[in-house]
Amino acid sequence: MKALNPDELVKRTKELKNLEHQIMYYGPLSTDEIVKVLNEKHVVGETLQPVPSTFPFVEQATGENSVLVANYNANQIYMSMYHKADGFDKTIEPIRTMYNSYFGGGMNSIVFQEMREARGLAYSANAAYNRPGRPDMSYSIFTFIATQNDKMMDAIDAFNNILNDMPESEKAFDLAKESIITNMQTQRIIRDNILWDYLNAKRFGYETDARKDIYEAVPAMTMQDVMDFQQKYVKNKPLTYCILGNVNDLDLAALQKIGKVTILTQEDIFGY
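Before going into details, it helps to say that this report is about the structure given with it. Predicted, not measured: the structure shown is a model, and the values here were computed from it.

The rules we used
- Residues numbered from 1 in each chain as written.
- Predicted model: local features only at pLDDT ≥ 70, side-chain atom pairs only at ≥ 80, totals over all residues.
- Heavy atoms only, no water.
- Helix = DSSP H or I, 4+ residues; strand = E, 2+ residues; numbered from the N terminus.
- Rg over C-alpha atoms; globule rule 2.2 N^0.38 Å.
- Contact = heavy atoms within 4.5 Å.
- Areas by Shrake-Rupley, 256 points an atom, 1.4 Å probe, with all protein chains shown as cover.
- Lys, Arg positive; Asp, Glu negative; His and termini not counted.
- Charge placed at Lys NZ, Arg CZ, Asp CG, Glu CD.
- Patch = residues over 30% accessible without salt bridge, like charges linked within 9 Å, V, L, I, M, F, W, Y side chains within 5 Å.
- Salt bridge = Lys/Arg side-chain N within 4 Å of Asp/Glu carboxyl O.
- Buried < 20%, exposed > 50% of the residue type's maximum accessible area, 1.4 Å probe, protein only.
- Expected span 1.5 Å × (residues − 1).
- Core = buried A, V, L, I, M, F, W, Y, C linked by side-chain atoms within 4.5 Å.

Some details on the overall build of the chain
Within the chain one finds eleven helices and six strands. Relative to the compact-globule value of 19 Å for 272 residues, the chain shows a C-alpha radius of gyration of 24 Å, a clear excess of over 25%. Dimensions of the chain, computed from the C-alpha atoms along their principal axes, are close to 65 × 55 × 30 Å. Pairs at least 24 apart in sequence give 81% of the contacts found in the chain among residues at least 6 apart. By element, 51% of the accessible surface of the chain is carried by carbon and sulfur atoms, the whole surface being about 17400 Å². A distance of 4 Å separates the average location of the 28 positive side-chain charges in the chain from that of its 36 negative side-chain charges.

Things to note about a negative patch on the surface
A surface patch of like charges, here negative, comprises Asp150, Asp154, Asp157 and Asp249. Inspection of the secondary structure puts aspartate 249 in the loop between strand S5 (240-245) and helix H10 (252-256). Relative accessible area serves as the criterion here: at 43%, aspartate 249 is assigned to the partly exposed category.

Some remarks on helix H3 (residues 93-104)
Counting along an α-helix, one turn takes 3.6 residues, and residues three or four places apart therefore face a common direction. In this model H3 runs 16 Å from its N-terminal to its C-terminal C-alpha over twelve residues, within 8% of the 16 Å that 1.5 Å per residue would give. In terms of burial, H3 is largely enclosed, as twelve of its twelve residues are buried. For H3, the full list of buried residues reads Glu93, Pro94, Ile95, Arg96, Thr97, Met98, Tyr99, Asn100, Ser101, Tyr102, Phe103 and Gly104.

Regarding the nonpolar core
Judged by nonpolar contacts, the single largest core of 59 residues is most densely connected at Met98, Tyr102, Met115 and Tyr129. Take this core: its biggest share by element is eight residues, from helix H5 (residues 152-164). Residues in contact with methionine 115, not counting those within four places in the same chain, are Ile110, Gly120, Leu121, Ala122, Ala125, Ile145, Ala155, Ala158, Phe159 and Ile162.

Structure below.
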C-alpha cells in the first residue's frame, strides 16, 4: 500500500470504462431515453478489453477434524464448526432449504430448541447447509454458538449429537415448512433488487426466479426427506472447529482429543 502511486490509481480508475462491462438501470426513463443518455455520456473505447483475471480463492478441503483457537479475553466463547462440502447442485436446493428451516432456521428449529431451550448451553446458536456464493465454489456445513467458557465441551458434544443424529419432530417440521411457504408468499423482489436477483439467478443457471422450484417442491416434502438429506450430506462429516475465547479458560486437553489444535496469533489471522 505504501508503494502505490496515486497517479497510477487515478489512471486505472479512468480506464475502467474501457473494460468489458454491463450497465444496469432502474429508474423512470424509458428504454429509448436511457439508451440516448448512455450514447451521449458513456464514452468508451472502440474495443473493450477483457477484465483482468483475479487471484483465485482456493477453498481448503476438510479432510479431518481440526481445531483453530484465537485468544479473546472474555467469559464466553464464540465457536463455529465448518465443513467444505460438495459443489453447487441446483437439484438439491429445495430440500436444502427445507433442511435449513427445520434444523437451524429460527426459534422453532432443532438447534435453537436443543441448544438453548432444552440444554441451556447457548446465548445464541444457529446452523445451516450454506449455498456457495458462486457456482464454481462449494456448499458448506456451518454452525455457530456463543456460550460460557466452561460449557465449551458440553456445547461441542451437544452440537455433534444433533448434527449426526438429528431429532425428529413432526411439529417442528410442519412449522418449518409453513415458514418457508409463508415467507415466499409475502416476500417481494422490488426496485433495483430485481436486477441483482436476475443476475444472480442467471449466474447459477436458472431461467426463472430461483425460488420457484423451492416453492413448488416444499409442500410435498416429508420428514423422511429431511432425514435422508441429513444422512447423506451432514452426518459424520469431518469438521474444523473455530473457537474465539480465553485460552487460559479453555480445556485444551479435551480439544486435542477432537483433532489437532492450532492456537492462532493476530499475525496468523490478519497478516501483521
